[in-house]
Amino acid sequence: MILKSRDLSLFIAIIFLVGCSSQPEVEVPDHIKKLENLTVYPADAEPKMELELTREQTFGSTDEFLIGRMEDIAVDSSGRVFITDQQKKLIVVFAPDGRFVAQLGREGKGPGEFSYIKSLQIRNDQLYVYDMNQQRVSVFTLDTLVGDNTISLARNRGDYQPLRRAFPSIDEVYVRNNNTYIAKFISDDTEPTKQWQNIETKGLFYLLDSTGKIASDKLIDFQEDTRTLFKVLEVPVKPFFGNALTALSSDNSIYWAGPEHFLIKEYSPSGAYRRAFYYPHENIPLTKASATEADVPDLYTKNMQSMDLPQSWPVLTEMKIDDQERLWVATTVNDMSVNQWWVLNPEGKLLARFRWPRKKPIQVIRNGYLYTRETEEDTGLKQIVRYRIEQQ
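Basis of the calculations
- Residues numbered from 1 in each chain as written.
- Predicted model: local features only at pLDDT ≥ 70, side-chain atom pairs only at ≥ 80, totals over all residues.
- Heavy atoms only, no water.
- Helix = DSSP H or I, 4+ residues; strand = E, 2+ residues; numbered from the N terminus.
- Rg over C-alpha atoms; globule rule 2.2 N^0.38 Å.
- Buried < 20%, exposed > 50% of the residue type's maximum accessible area, 1.4 Å probe, protein only.
- Contact = heavy atoms within 4.5 Å.
- Areas by Shrake-Rupley, 256 points an atom, 1.4 Å probe, with all protein chains shown as cover.
- Lys, Arg positive; Asp, Glu negative; His and termini not counted.
- Charge placed at Lys NZ, Arg CZ, Asp CG, Glu CD.
- Pairing = 2+ DSSP bridges.
- Axes fitted to C-alpha atoms, helices over the stretch in contact; angles between N-to-C directions.
- Core = buried A, V, L, I, M, F, W, Y, C linked by side-chain atoms within 4.5 Å.
- Phe/Tyr/Trp six-rings, centres within 6.5 Å; stacked < 30°, edge-to-face > 60°.

S.K.: Hey, could you run me through the overall build of the chain in this one?
M.R.: Broken down by element type, the chain carries 5 helices and 28 strands. Computed over C-alpha atoms, the radius of gyration of the chain comes to 23 Å, within 12% of the 21 Å expected from 2.2 N^0.38 for 392 residues, which places it in the range of a compact globule. The dimensions of the chain, computed from C-alpha atoms along their principal axes, are 80 × 50 × 45 Å. Taken across its 392 residues, the chain has 49% of its residues classed as buried. Considering only intrachain contacts with a sequence separation of at least 6, the fraction spanning at least 24 residues in the chain is 49%. For the chain, the exposed surface amounts to about 19,700 Å²; the carbon and sulfur share of it is 48%. Distance between charge centroids for the chain: 3 Å, based on 47 positive and 55 negative side chains.

S.K.: Could you clarify how one ought to interpret the sheet that holds strand β2 (residues 51-59) in this entry?
M.R.: Sheets are built from strands that pair by backbone hydrogen bonding, the pairs being arranged parallel or antiparallel. The strand order across the open sheet built from 4 strands is β2-β28-β27-β26, with neighbouring strands paired in antiparallel fashion. The two strands at the open ends of the sheet, each matched to only one other strand, are β2 and β26 (362-366). Ignoring strand direction, the axes of neighbouring strands in this sheet form an average angle of 30 degrees. Sheet topology note: the strand β27 (residues 369-375)/strand β28 (residues 382-391) ladder contains 7 bridges and is antiparallel. Residue pairing for β28: Glu-374 is matched across the bridge by Gln-383.

S.K.: Honestly, unusual backbone geometry in this entry has me stumped. Any pointers?
M.R.: Trans is the common state for peptide bonds, and a negative phi is the common state for residues other than glycine. For Ala-154, which is not a glycine, the phi torsion comes out positive at approximately 55 degrees. Residue position: Ala-154 is located in the loop between β12 (146-152) and β13 (172-175). Residue class for Ala-154 comes out buried when judged on its relative accessible area of 5%. Backbone geometry at Asn-367 places phi at a positive 60 degrees, although glycine is not the residue there. The topology assignment puts Asn-367 in the loop between β26 and β27. A residue is classified by how much of its surface remains accessible, and Asn-367, at 28% relative accessible area, is partly exposed.

S.K.: Can you help me understand the sheet that holds strand β9 (residues 117-123) in this one?
M.R.: Read from one edge to the other, the open sheet built from 4 strands follows the order β9-β10-β11-β12, with strand pairing classed as antiparallel. At either end of the open sheet lies a strand with only one pairing partner, and these are β9 and β12. When strand polarity is set aside, the average angle formed by the axes of neighbouring strands in this sheet is 20 degrees. Summarising the sheet, β9 and strand β10 (residues 126-131) pair through 6 bridges and their orientation is antiparallel. When the bridges of β10 are listed, Leu-120 appears paired with Val-129.

S.K.: I'm lost on the nonpolar core in this one. Help?
M.R.: Across soluble globular proteins, you tend to see nonpolar side chains buried next to one another. Of all hydrophobic cores here, the largest spans 21 residues; its most connected members are Val-137, Leu-153, Leu-163, Ile-170, Tyr-181, Phe-185 and Ile-214. Elements with a minimum of two residues in this core: β10, β11 (136-141), β13, β14 (181-187) and β15 (198-208). Those residues in contact with Phe-185 that sit more than four places away from it in its chain are Ala-154, Arg-157, Leu-163, Ala-166, Phe-167, Ser-169, Ile-170, Lys-202, Gly-203, Leu-204, Tyr-206 and Ile-214. Within the second largest apolar cluster, 18 residues are counted, among which are Tyr-41, Phe-262, Phe-277 and Leu-344.

S.K.: What is the right way to look at the side chain of Gln-126 in this model?
M.R.: For Gln-126, the location among the structural elements is in strand β10. Excluding residues within four positions of it along the chain, Gln-126 makes contact with Gln-121, Val-139, Phe-140, Thr-141, Leu-142, Asp-148 and Asn-179.

S.K.: Quick question: what am I supposed to make of the environment of Asp-209 here?
M.R.: Looking at where Asp-209 falls in the secondary structure, it is placed in the loop between β15 and β16 (220-230). Sequence separation between Asp-209 and Gly-147 is 62 residues, and the spatial gap between their C-alpha atoms is 20 Å. What Asp-209 contacts, discounting residues up to four positions off in sequence, is Thr-180, Tyr-181 and Ala-215.

S.K.: For this particular structure, what's the right way to read the packing of aromatic side chains?
M.R.: Here the distance between the centres and the angle between the planes together describe a pair of aromatic rings. Counted according to the given criterion, the structure contains 22 aromatic pairs. Ring geometry for Phe-354 versus Trp-356: centroids 6.5 Å apart, planes at 80 degrees, classification edge-to-face. The interplanar angle of 90 degrees and the centroid separation of 5.1 Å between the aromatic rings of Trp-356 and Tyr-387 together place this pair among those described as edge-to-face. Linking Trp-356 in strand β25 (residues 350-357) with Tyr-387 in strand β28, this pair joins segments that are 31 residues apart in sequence. Here a set of aromatic residues connected by ring pairs shows up, and it is made of Tyr-174, Phe-205, Phe-222, Trp-256, Tyr-267 and Tyr-273.

S.K.: Hey, could you run me through the environment of Gln-87 in this one?
M.R.: When you line up the elements, Gln-87 lands in the loop between β4 (81-85) and β5 (90-94). Gln-87 sits 20 residues away from Glu-107 along the chain, and the two C-alpha atoms are 9.3 Å apart. Residue contacts for Gln-87: discarding those within four places in its chain leaves Gly-68 and Arg-69.

S.K.: Teacher, can you tell me more about the environment of Gly-258 here?
M.R.: Residue position: Gly-258 is located in the loop between β19 (254-257) and β20 (262-267). Owing to a relative accessible area of 7%, Gly-258 belongs among the buried residues under this scheme. Sequence-wise, Gly-258 and Leu-245 are 13 residues apart; in three dimensions their C-alpha atoms are separated by 6.3 Å. What Gly-258 contacts, discounting residues up to four positions off in sequence, is Leu-263 and Leu-316.

Spelled out as structure tokens, the structure:
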């Protein structure tokens, strides 16, 4: 049968209507529709595989070493686990089988000494330790576990006008694969006048060279988080408002997401926008009952009526990138005791999806394993738990 042009148009219209009746049209917010190179995925996208997580090994206090307060962790290619002890101002190293190996650094202001360890990162067979109080990075060689260099960061920040309104310290440091850095500063232009006043802040991203100096004008800036004034301090009420999420790939591409939508943007290493992908996602109403279920601190739940709160919980709460360049993104669901995690390829296509307890936050995904921070029920001690990832 040959269809004439008029008949062909009618045929296409019928097919379109049938398709729409079986799969409702996705509603995309207007400001998202305007993005270039935007991919919109269906809300009911089916994952390509299922993941099974098998608990395998724990890392924490041993007879040789008692960890005071466990914070950030890193894992190298051999499976060794590096854990920050924030109380003792040092790093504890464990073998893949959980044995204590060594401690790195100590409290102090000299080379390889720390005041407040904000983050650990591993790049190019080196461990980078960011000390937020001292605004510097200490570098350890993984082969020998010996301190190699100590680099002061952003010493020339006074030369950059936008940073004069930023908080004094660098909020986050991202180590690139060529021994340069991206520093994120937090800035706001609002003078609070009342208690629990909301303040929108920005994250200002600057490129630092290998010596730690700011090497160029601002790469990009994003809305960072909503802070609210409590007494004298501005504190981000993250359980209610969420905050911006950033991840750096092995080729220095930058992935960024805000908390309000399941929208992830990709930028080049020089800060140029490349593309974005979006999943429609159910908004979970923010109520006092759900806040209690989510174990939000009493300070916040008791003052909810005094805050100017959003109507719903943040959609995205965590974003990480693994050593296979896959994005792991956590979303809020009706059950406030868990997050739903999505595993995506670099273009945003869904690979897997699973639910995981909020009280066992995922820290690192590497070498085919997932590492979480958990509390041992019998002793109350914190520990890192390794789970083997099996694909089905």
